[in-house]
Structure formats: C-alpha cells, structure tokens
Amino acid sequence: MSQEKEMVDEYTGLTTEQANQKIEAHGLNAVEEEKRNPVKEFLKRFWGPIPWMLEFAALLEVIVGITRGQPVKFIEAAIIMALLIFNSIMSFMHEGKAQQALELLKQRLAVKARVLRDGKWTMLEAKYLVPDDIVHLRMGDFVPADIKLLDSQVQLDQSALTGESLPIEAEKGSVAYSGSIVKRGEATGIVTATGKDSYFGKTAELVRIAKTKSNLSKLIFRIVKYMMYMDFIILAFFLVYALSRGFSPADTIVFILVILIAAIPIALPATYTLSTALGAVELSKKGVLTTKLSAIEESAAMTVLCSDKTGTLTENKVILEDITPVGEHTKEELLKYSIMASDEKSQDALDDAIFKVTNPMNLKPEGERVSFTPFDPAIKRTESLYKVSGGEVKIFKGQPRTIWNLTQQGGSGGAYKYEDVERELAQKGERVLATAYKKGEKYEFLGFLGFMDPEREDSKPLVHELRNLGVRTIMLTGDTAVTARTIANRLDIGERVCERDELLEMSKDKEKEKRLADYDVFGGIFPEDKYYIVKALQDSNYIVGMTGDGVNDSPALKAAEVGIAVSASTDVAKAAASIVLTDPGLSDIVSAIKTSREIFQRMATWVLNKIAKTIEISFFTVFGIVLMNYYYHTPANKSFIITPVLVILLLFTNDFVTMSISTDNVKHSLKPNEWKLKNMITGSVAMGVFQLIFSFGALVFYKMQGHYDIHQIATIVFLIMVFTGQGVLYLVRTGSHFYKSAPSKYMLIATIADLIVVSLLAWFGVKFEGHPLIARIPFMEIIRLYVFGAIYLFFVDIAKVWIFRKYNVRP
C-alpha cells in the first residue's frame, strides 16, 4: 500500500467547501502583486520641485509672449518643456524594472501540489492551497507552502532561503518552509502558512516594501536650495529697484524668468543619466550589468559592503576537507568504510563529496552490499550491511557523538576523547561526521571526516582591495558563529561576531542599535535580519552595498543603495538587485566602484561649473543694469543687457555642451565620495567672482568705446558668458593646474564646436521677424575677447589651485 493511501486512512483532508472558506479568510497562496500604471508612473516625472520650476518658467514665457505679442516666447517655452520631457523619458526607461523581483516571486509560487481534498489525492495548483491542507512531498518537489511534516523524514535544500549550503534533514514534527526543495525522501504534512504569511511569502513582502534611498535626489534639492536662496536675495533687491524706477511689469517678469532659468540645474539630471548610461556600457564590458542607473552613482559613496557568505564569498559546494583517522587506522581505511556507508545514487551532498575524493583513488567497497539505510534524524546516522569474506560487517556514518557512543557498546577503547578532534575540525568551520564499523560483536571507531564550503580564491584579495578603497566588508550568514568566525578570519574580514539573539536585543533599543556597525560578522541570521541590518546601517548614515545570490537575500538587495547579485544568483535575486555580476566571484565589484567614482568626479565638475556660472549670470545681469545703467526704456527699444532668447541659447551652448563631461578623463578617488557642498560652494563662489571680474571689466571696456548699441552689447555679454563658462569648466575639472590633466577628445571637440558656433552666430547675426535675436559684431572683436579671456583665465588657474587645496574643494 502506498504512503499516500495510508494517509487517506489516517487523514481525510479538507473538503472543497472548507478550502473555499479558508481562501476567503486567508487569500490565495500567492504574493499580492503591486499594480503599476505606466502612464501614471511616467507622469510622476512632471510632479515635484524641479519639474514645477521648469513648468513655471515655461508658463512665464507663454504669458509674456501673449501679453507682449512676441511669438519668440512660445519657442522659448517649447525649448524648456522639451528639455523636461527628454529627461523624463530617460529616467522612466531606466527605472522601469523596480517591481520585477515581486513578479518572479509570484511565478516561483505557481507550482503544482499533491493535495488530499474530499478524501482523495489530487494535483492542484499551489495557489489554491490553504492552511490545514494535507500535502504529500516527493524528491525533487518545490515545497509550495510552509508544511509541518506528519510522518517520515526528508532532506531539504534551503540554500536559496537561509544561505546554508548543506541540506538539512527534516523529520516528523519539523516544518518544511515554502521555497525549499526536497532532495531526498518523501513525506506527508499539513499546511501551516500560505502566501505572504509563509516563510517564502514574507521574503516577497519584504521585497515589496523595500525602498532604496536616493542620495542623488537629495543632492539636487540641496544644490537648488542654495542657488534659490541666492537668487531670492538678488530678486528681492531687483524688485525694490524696479518698483522705485517704474519698470514695466512685463519687463520685470522677463528678468525674473532669466534669473530663474539660470538658477535651475536643468541639465543635471540629463547629464547624470548620460554619464551613468555610458558608465553602464563600460561596466557591461567588464561583466557588470546595471539594472538601475542610480546604483552607479551610489557605488561611489558606498562605505559598507554587506556580503552573503554562501555562494558569494564561498563556492556554495561541499568538499571533503579533512580526513582524520584515529589510532592505527589509515586514511584509505577510513575512506573505504565511509563510502560503504554512503550511496552515490542518493545525490546526498556529503556523500557526493566523499565519492569525489575516492573515485580518483579507485577506492572500492569491500564485499557485497546487503542493505543500506539512509540518514535517519532519529538515530543521526546512516547504516549499511556488507557481506565480506569471513562474515558480515556493519558500517555506521553520522554525528560523531552518536557514532562514538555506539562503539562503546563493544569496548573498542573508551579512553579515547573524540571531543578534542571534533572541536578542532569544527573551529576550522567544518561540518564533522564520524565513521565506525562492527564485525561480529566488536565495534571499531575509525575517525572523522570534515566537510566545508570553501571560500573563493578571489574573496580575500577582494576584501583587501575594498579596504584600500575605503569600503568595509561585513559578512552576513545563516551559519553558526563558529563557522562564520572561521571563514571571516580566513578572509581577513574580522572576528567580531554578532549572533542572532544579540541582534534581536539590539533591535529593541535604538542606542544599542548604534553598535551594530561595530561587528564584522552576523551569524545564524534570517532573511528579515539581513533586511534589518541594511536598514539600520542606512539609519546610521552608512551608504550600504549588499551582495547575495538567493531568495533570502532579495529584500536586502532591493533596500540597499547598491544591491549586487552574483553570477549564480536566482532570478529573484537578480531582479531585486541594481547590479548583476555575470562573471563568477565578486572581483568585478571593484570595477563598479572605480567606475562610479570616476562618474562622481565628472558630476562634481558639472556642479562646480554650474554654481560658478549661476553666480555670474545672476549678479552680472542684475548689477549690469543697476550699476551700468543699461536699461533702455523707450518705445523703440526695451531690452536688458542679455535677452531671454540668449539665456536659452546659453543653456544649450554651455549646460548641454558640458554634458560632454560624461566622457572626461578623470581618476577615481581612494576613499568613498561624498558631496561636501559647503567646500564645493566655497570654490565655486571664488570661481564665480573671478568670472564676474572679467565680465564687468569687459562690459565697461565695450561701453567706454561707445559705438555698440544695446543689441550688440547683449551679443557681447552672451559671448562673455559662453567663453567664461567653458573656460572655468576646464579650470574646475581638476584640483591641480588645468594643463596637467588632459580632457577627453569628445569634451575638447564639444568645446571647440561650441565656440565656433556661437562665434559664427555673433559674426553673421540672427533675426526673427525683423527682431535681432543676435546682433552682429566684428569678427576681430570676437577674437580679441577670446584672447584676453584666455590670458585672464591662465592667471585665475594659479589662484584656483591654492583655493581648491586650502578648502578641499574637489571631492
């Protein structure tokens, strides 16, 4: 009679009606999917402080265009909105994979199960399982829910859930968790938890609620905040001045628009996206795939790397590390009897490790096997009976204490102390088994076998290289504290181990929680513990990276600023991560860090240049009017020293040409990068002041000549701002003298093309409906402006080196 038939006699299972009632109460055995409306997700890109400012700027252009009857304003508004739409499309395309981990978890649960319903065994979709269902498990089955075993025992592979590389033996009364795989045996059990309440489902729920903190968005808001503070002061001054001088409301709005556009870092998101996209292409050639571009930027600031042990720092395979015979016995003898107590067909991980050693030795069992009993958790050993010359021999292999106590029945020398040898092997991080045999009435203890999951060859060099880059490695594992400490010591990670009980105590007290970063290793932990550790480190202002390969790692992978899935990861882990390694091991993480820090240096260049340029535009346009009295208010001519059209053109010629920074030649830093905006603002203000000195000097010079009208002055001011913007860009890109660091050829080509285009526009002039958008000026005047500007910036570079070093401006 089959085991399933016996279970029918003992249990009747649920009826269909009872199951339907439980589905109503508990829901389906599936992870609830978070619905995402792609249209709504895209429209979110137009809602927020920066989009509001851009939209308001465009609205002001439209209003002025309508009130003053100037069609050119509509073109300017369209340009602003085009820039916003372009950036929204870029971010939407690269951030669309945020919920893939959840979908893969749901698909993982969509399996079949053998269920006892209405007194009959039937195959049912696992999503219809409910608590109290009777389920039968066989070898190779994916455990579809949390199931308490009612009889027999099975061997379970829980590596994807707990990180343990060795399978476990689950006997009657044990719980087979959802997500495990039955490696050997079969058993019947009762469902205790389904869906999001199951062990596997809780992991999915953690993935669903995990959110990644964005340090880039914080940076953008801080930059905008400082710029807007400065502009509000300037605009307040101008409003008072304008009201006292009787300026028209339309002209005042136009001027405010100019300052507002100048202050907003319109190109920062697009520059960041381009820089990281190029970095992603570069990394893909090195075996690093990025699924979330923000992870590249975050890698530059990463201070802690939390690494799973199994399959990440170790090889996730069992090897026979130590063969330790006792007394007069030899290694060959110990191995011979060990394979006699093993079964190659069982695919047991420990047995396989033994056969991998003995097969090349051509070591064969002695005699003919009569019977074999697989590992039984109740007696903690395997047994086999062989017929040999002279009689029969019974071989035992299992837990050392059990095997030793068994041999004492036959009096084989009880004075031997096995504990010392076992402890020595265990302290090396090994799982220890012992082997013995019985001939007649005599038992003989043969010795010990030490198994381990070996560390990868590249793991220790990686830990050292990360340390040299200022990144600390913390190991997270489900292994015991002894094993965890042993592996951590071998890899030079450290020996300060925190066990789960201590971790739980720290989680109850915020003050104690601050000590969490003092540990090098966390042993015996669960999936939710990894997630908690990542969040706690983030709350302590660490930028956290997390590596892993299994389902149990996915919540922490998604929550970390830098989630890294190794090459052998499950699909769930890869979808939750923001970086996926395609080559074995972790060495490619170093490439990701170095590349991200190079990108950081490029972004720092952009920020320094942008702040300096904003200072120049804001102060120059305001005080160019107030101090130089360049406000013409006649029916024939109403203009500032630079028009909104030229400001928009300036955004293209400077802001978007400086997107070539994404290709610049830079060196990565040896420490994690952070945005020290106060230091950067100090350097940028100094550079902005130098720009203002040159700009006002040039303006006074051309005004004193007296033969340029207001439109030509506007063109000259435009050229000044374009040239100084490009010149200062080459000064701030390095903390040393600019001529000691060669830019990329693309950056150099972009600058030359920029200056040629604006020079030709100024030389030939541009008109729209009879209105001079860019007034013509003599070609030699353009050349003279550039020559004097280049000489001036050469001397500014000398002052820059001193300022940048004194105030540590470059990150």
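Residues numbered from 1 in each chain as written. Predicted model: local features only at pLDDT ≥ 70, side-chain atom pairs only at ≥ 80, totals over all residues. Heavy atoms only, no water.

**A short note on the overall build of the chain**
- Scanning the chain from terminus to terminus reveals 30 helices and 27 strands.
- Residues counted as buried form 55% of the 811 residues belonging to the chain.
- Roughly 34,500 Å² of accessible area belongs to the chain as shown, and the carbon and sulfur atoms make up 58% of that amount. (Helix = DSSP H or I, 4+ residues; strand = E, 2+ residues; numbered from the N terminus. Buried < 20%, exposed > 50% of the residue type's maximum accessible area, 1.4 Å probe, protein only. Areas by Shrake-Rupley, 256 points an atom, 1.4 Å probe, with all protein chains shown as cover.)

**Observations regarding helix α28 (residues 710-732)**
- Under the 1.5 Å per step criterion, the end-to-end length of α28 is 32 Å for 23 residues, consistent within 8% with the ideal 33 Å.
- The backbone nitrogen of H711 has a side-chain oxygen 3.1 Å away, supplied by the residue at the start of α28, namely D709. (Expected span 1.5 Å × (residues − 1). Polar contact = N/O pair within 3.5 Å; in protein donor to acceptor, adjacent residues only side chain to side chain.)

**So, the sheet that holds strand β20 (residues 521-523)**
- Judged by pairing direction, the sheet is mixed, and its eight strands sit side by side in the order β10-β23-β22-β21-β11-β18-β20-β19 without closing on themselves. With one partner strand each, in any of the chains shown, β10 (288-290) and β19 (497-499) form the two edges of the open sheet. Looking at each pair of strands side by side, their axes are set apart by 20° on average, direction ignored.
- Note that β10 and strand β23 (residues 579-581) share three bridges and pair antiparallel. Residue pairing in the sheet places V288 in a bridge with L581 of β23.
- Of the strands in this sheet, β19 and β20 touch helix α20 (residues 500-507), which is tilted by about 80° from β19. (Pairing = 2+ DSSP bridges. Axes fitted to C-alpha atoms, helices over the stretch in contact; angles between N-to-C directions. Contact = heavy atoms within 4.5 Å.)

**Focus on the confidence of the model for the chain**
- Overall, the predicted model of the chain reaches an average pLDDT of 80, with 81% of residues at or above 70.
- Here residues 207-213 scores under 50 on pLDDT; set against residues more than four positions off or in separate chains, the count is 27 contacts. (pLDDT = per-residue confidence, 0-100.)

**Brief notes about the environment of V482**
- For V482, the location among the structural elements is in helix α19 (residues 481-490).
- In the structure, V482 is positioned 53 residues away from G429 in sequence and 6.4 Å away in space, judged by C-alpha atoms.

**Notes on the nonpolar core**
- One finds L466, M475, I579, I589, M687, V717 and L719 to be the most contacted residues of the largest nonpolar core, which totals 108 residues.
- By residue number, the principal contributor to this core is helix α25 (residues 588-626), which donates 18 residues.
- When residues no more than four places from it in sequence are discounted, the contact partners of M475 are S307, K309, L313, A484, I487, A488, I493, D520, V521 and F522.
- Counting residues in each nonpolar core, the second largest holds 29 residues, with V304, Y519, Y531 and V544 among its members. (Core = buried A, V, L, I, M, F, W, Y, C linked by side-chain atoms within 4.5 Å.)

**Quick look at the packing of helix α18 (residues 459-468) against α25**
- In contact at an axis separation of 10 Å, α18 and α25 are set at 15° when each is read in the N-to-C sense. The angle between α18 and α25 falls in the class roughly parallel. In this structure, α18 meets α25 at a crossing whose hand is left-handed. Where α18 abuts α25, its residues L462, E465 and L466 lie against I589, V590, I593 and K594.
- Counted by class, the contact of α18 with α25 contains five nonpolar, no polar and two charged residues. (Parallel < 35°, antiparallel > 145°, perpendicular 65-115°, else oblique. Left-handed = near helix turned anticlockwise from the far one by under 90°. Nonpolar A, V, L, I, M, F, W, Y, C, P; charged D, E, K, R; others polar.)

**Description of the side chain of E430**
- Looking at the element boundaries, E430 is found in the loop between α17 (418-427) and β16 (431-439).
- Leaving out residues up to four positions away in the same chain, E430 has contacts with E321, D322, L425, G450, F451 and M452.

**Details of the sheet that holds strand β8 (residues 181-184)**
- Ordered by their spatial adjacency, three strands build an open sheet running β6-β5-β8, and the pairing between neighbours is antiparallel. Of all strands in the sheet, those bounded by a partner on one side alone are β6 (168-170) and β8. Across the sheet, the mean angle from the axis of one strand to that of its neighbour is 45°, orientation sign disregarded.
- When strand β5 (residues 154-157) meets β8, the two strands line up antiparallel, connected through three bridges. Bridge assignment links D157 to a residue of β8, and that residue is I181.

**Some words on the pattern of salt bridges**
- This structure, assessed with the given rule, holds 26 salt bridges.
- D322 is the salt-bridge partner of K428, the closest N and O atoms lying 2.7 Å from each other. One end of the pair, K428, is in the loop between α17 and β16; the other, D322, is in strand β12 (residues 319-325), with 106 residues separating them in the sequence.
- By relative accessible area, K428 is classed as partly exposed at 30%.
- K508 is the salt-bridge partner of E505, the closest N and O atoms lying 3.8 Å from each other.
- For K508, a relative accessible area of 66% corresponds to the exposed category.
- Within the structure, one salt-bridge network assembled from shared partners comprises D322, K428 and E430. (Salt bridge = Lys/Arg side-chain N within 4 Å of Asp/Glu carboxyl O.)

**A word on the packing of aromatic side chains**
- Evaluated as defined, the whole model comprises 18 aromatic pairs.
- Between the aromatic rings of Y337 and Y437, the centroid separation amounts to 4.6 Å while the plane-to-plane angle is 20°, which identifies the pairing as stacked. Within this pair, whereas Y337 is found in helix α14 (residues 331-340), its partner Y437 is found in strand β16, the two being separated by 100 residues in sequence. A single burial state applies to Y337 and to Y437, both of which are buried.
- Look at W763 and F779: their rings are 4.8 Å apart centre to centre, the planes differ by 45°, and that puts the pair in the tilted class. Placement of the pair is W763 in helix α29 (residues 745-764) and F779 in helix α30 (residues 779-806), with a sequence separation of 16 residues.
- Sitting over the ring of F804, K800 keeps its end group 6.0 Å from the ring centre.
- Geometry around Y807 places K806 over its ring, the cationic atom sitting 5.7 Å from the centre. (Phe/Tyr/Trp six-rings, centres within 6.5 Å; stacked < 30°, edge-to-face > 60°. Lys NZ or Arg CZ within 6 Å of the ring centre and 35° of its normal.)

**Notes on unusual backbone geometry**
- For D492, which is not glycine, the phi dihedral falls at a positive 60°.
- Look at D492 and you get partly exposed, because its relative accessible area is 32%.
- Notably, N541 is not glycine yet its phi reads approximately 70°, a positive angle.
- With respect to the helices and strands, N541 occurs in the loop between α22 (527-539) and β21 (544-548).
- Given a relative accessible area of 70%, N541 falls into the exposed group.

**Considering the environment of T373**
- Mapped onto the elements of the fold, T373 is located in strand β13 (residues 368-376).
- Through-space distance from the C-alpha of T373 to that of L385 is 8.9 Å; in sequence the pair is 12 residues apart.
- Not counting chain neighbours up to four residues away, the residues in contact with T373 comprise T382 and E383.

**Some words on the pairing of strand β11 (residues 304-308)**
- Taken across its five residues, β11 has five buried, putting it largely inside the fold.
- The two faces of β11 match: V304, C306 and D308 on one face and L305 and S307 on the other face are all buried.

**Re the pairing of strand β18 (residues 472-476)**
- Along β18, four of the five residues are buried, which leaves the element largely enclosed by surrounding structure.
- Here five bridges tie β11 to β18, and the two strands are oriented parallel to one another. The residue bridging D308 from the neighbouring strand is L476, located in β18.
- The pairing of β18 with β20 spans two bridges and is classified as parallel.

**Some points on the packing of α25 against α28**
- The contact between α25 and α28 brings their axes to 9 Å, and the two run at 150°. As judged from the angle between their axes, α25 and α28 are roughly antiparallel. Along this stretch, α25 crosses α28, giving a crossing that reads as right-handed. Judged by residue contacts, T605, L608, N609, A612, K613, E616, I617, F620 and T621 of α25 engage V717, I720, M721, T724, G725, V728, L729 and V732 from α28.

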